[in-house]
Each structure stands twice: as structure tokens, then as C-alpha cells.
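Close look at the chain arrangement
The chain contents come next:
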Amino acid sequence: MAKIIAVSNQKGGVGKTTTAVNLAAAFGILGKKTLLVDIDPQGNATSGVGVDRRRAKITTYDIIVNDSKAQEAVVKTNFENLSIIPSSLDLAAAELEIVDRDRREALLKSAILPLKADYDYIFIDCPPSLGLVTTNALNCCDTVLIPIQCEYYALEGLSQLMNTVRRVKRMYNPHLDIEGVALTMYDGRLNLTQQVVNEVKKYFPRKVFSTPVPRGVKVSEAPSFGMPVVYYDPSGKGAKAYMDLAKEILKNNK
């Protein structure tokens, strides 16, 4: 049965989608059958694994709004052990369309649960917001992985995210836990980086992964080629960091 990990941070530009894409790809390389579920209307995780969402017949929008079967939405990527359920721009309006539905917070969960037996890990790339779509992801997942960039405003808005996690845990998903905090855009040469790391560790004691992900041109370039950086530049620092982070998560889950 798959473990479901939501990758979430309502603050944009923290490497959320990059982390979701590369961890999912790294898990596939490490022999784990992996599914990436893109519920961000921007669809960057979809294009980041080389899938054209304009050609997708069924997307996460159809699953959440139209009760389509998740099994029929799965697209195999060109990467080892990695499939994706693509996103759609229509998701931007999904919250308005489901607001009056019964059990509206569990629509994604109902769709994804039948897939758990088919995979080892399922990653959900959440939108950069804390609305009803993200609530669906938090209700569906076992744990939340939080990417935090090593920059000045790193902790901004995190209290809102944690309040949402606590609310979902109290109301819908009592087993919800924090998988860990991934430090992104890391530059060990800067004093600011170490200050941010220390602050994050105070905020999340014992939850910060020991593997930081450095800044890198190749990490930024890879999505434009429709490839995770672990394939685009496998010997580079960014790829190595994501592979090491994947191994650390797997070790923690033994």
C-alpha cells in the first residue's frame, strides 16, 4: 500500500514543485513505483515530467469535480517507475464548483485511495494556497513535506500552514503528520543561510531533513526540457541532493 506525501507550502517560489517532481523521479530511480498527482492549476509538475496537459483526456480537475476515475487519468512518463495524474487550468475554479458538495474536503481522497495498492509512494504537488483543493490533499495524504527556501522571508506564512494542518488533522485526518522540512535554495557560503536554517530548526525541532538542496542553474533549467534534474543533469549538485534527500526519506520510512 502506497504512502501518500503531500508537498505543500502556500508561499510561492520555495521550490515546491521542483521538490515534488524530483523526489518522485528519484524514488522511481530507487526502485519505488511512484505516482505524482498534480493539483496545482499552473500544471508545472505535469510539464516538468514531459507531459503535455493540453492532450490529457482526464485530469485532477475531472477527478475532483466530475467524479472521474483516477485510474483512467494516470499517464506513464518516460522516466523509470514514474506515472502522473496531470493537472488542468480548470482547477483554478474548482473550489467554487465543489463548495456546495457533500464531503467536499474528501473528493480527492475518495478518488486516490483505490490507487494505493498499485504504488509504493504517491506524491501530491499542492497549489500555493491553503484553500479547499489543498485541504483535499491534506485530507488524502499520510504526511506533509514542507519545502522552505533558505532566504529572508523563509518562515513567513508558515504559521498559517501549520494551523491548516492542525485543523485538517482535528476535523478530517487524525493520522496526518509532518514528513519533514526540506531546505531549498541552500547556499552554505552565506551567513543568512545558516541563520535561516537555525530558525527553521527552532520552528520544526527534529523535523528538518539533513540534506539541503543547493541553488543551481541546472535545477532551474531542467523543467524547460520536460525533465526532472535527476535525469537532466544526473551528476550535478542539485540532482545529487535530491537523490540523497530521497534516500533519507526512504530510510526514515523503513
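Read on for an overview of the structure. Predicted model only: the values in this text are computed from it and were never measured.

A short note on the environment of Tyr119
When you line up the elements, Tyr119 lands in the loop between α5 (107-112) and β5 (121-125). Along the primary structure Tyr119 and Lys33 are separated by 86 residues, whereas in three dimensions their C-alpha atoms are 5.1 Å apart. Residues in contact with Tyr119, not counting those within four places in the same chain, are Met1, Ala2, Lys33, Thr34, Leu35, Val74 and Ser83.

Here we look at helix α8 (residues 191-203)
Note: α-helices contain 3.6 residues per turn, so residues at a spacing of three or four share the same orientation. Between its first and last C-alpha atoms α8 spans 19 Å; for 13 residues at 1.5 Å apiece the expected length is 18 Å, and the two agree. The set of residues buried in α8 consists of Thr193, Val196, Val197 and Val200. In an axial view of α8, the angular spread of the buried residues amounts to 100°, which keeps them on one side of the axis. In this structure, α8 carries Asn191 and Lys202 as exposed residues pointing more than 90 degrees from its buried face. Each element contacted by the buried residues of α8 is listed here: β6 (143-149) and β7 (177-184).

Section: the pattern of salt bridges
Taken as a whole and assessed by the stated rule, the structure comprises 13 salt bridges. Where Arg189 meets Asp187, a salt bridge forms, and the shortest distance between an N and an O atom there is 2.9 Å. For Asp187, a relative accessible area of 15% gives the class buried. One salt bridge in this structure joins Lys240 and Asp244, with 3.0 Å as the shortest N-O distance. Placement of both Lys240 and Asp244 in helix α11 (residues 237-252) is noted, with a separation of four residues, approximately one turn of the helix. Asp244 sits in the partly exposed class, given a relative accessible area of 27%. Taken together, the shared-partner salt bridges in this structure form one network comprising Lys16, Asp40 and Asp125.

Details of the packing of aromatic side chains
This model, assessed by the stated rule, comprises six aromatic pairs. A centroid spacing of 5.0 Å and a plane angle of 80° characterise the contact between Phe27 and Phe123, whose relative ring orientation is edge-to-face. Of this pair, Phe27 sits in helix α1 (residues 16-29) while Phe123 sits in strand β5, placing them 96 residues apart in sequence. Accessibility classification places Phe27 together with Phe123 in one group, the buried group. Look at Phe79 and Tyr231: their rings are 4.7 Å apart centre to centre, the planes differ by 40°, and that puts the pair in the tilted class. One end of the pair, Phe79, is in the loop between β3 (75-76) and β4 (82-85); the other, Tyr231, is in helix α10 (residues 229-232), with 152 residues separating them in the sequence. Judged by relative accessible area, Phe79 falls into the buried class, the value being 11%. A network of ring pairs unites the aromatic residues Phe27, Tyr121 and Phe123 as a single cluster. The ring of Tyr119 has Lys33 lying over it, and the distance from NZ or CZ to the ring centre is 5.3 Å.

Some points on the nonpolar core
The biggest cluster of nonpolar side chains holds 51 residues, and the ones touching the most others in it are Ile39, Ile85, Ile112, Ile124, Ile146 and Phe204. Of all hydrophobic cores here, the second largest spans 34 residues; its members include Ile84, Val213, Ala239 and Tyr242.

What about unusual backbone geometry?
One non-glycine residue, Asp67, adopts positive backbone phi at about 60°. Following the sequence through the fold, Asp67 ends up in the loop between α3 (60-65) and β3. Here Arg206, not a glycine, exhibits a phi torsion of approximately 65°, which is positive. Summarising the element assignment, Arg206 is placed in the loop between α8 and α9 (217-221).

What counts and how
Residues numbered from 1 in each chain as written. Predicted model: local features only at pLDDT ≥ 70, side-chain atom pairs only at ≥ 80, totals over all residues. Heavy atoms only, no water. Helix = DSSP H or I, 4+ residues; strand = E, 2+ residues; numbered from the N terminus. Contact = heavy atoms within 4.5 Å. Expected span 1.5 Å × (residues − 1). Buried < 20%, exposed > 50% of the residue type's maximum accessible area, 1.4 Å probe, protein only. Arc of directions from axis to C-beta. Salt bridge = Lys/Arg side-chain N within 4 Å of Asp/Glu carboxyl O. Phe/Tyr/Trp six-rings, centres within 6.5 Å; stacked < 30°, edge-to-face > 60°. Lys NZ or Arg CZ within 6 Å of the ring centre and 35° of its normal. Core = buried A, V, L, I, M, F, W, Y, C linked by side-chain atoms within 4.5 Å.

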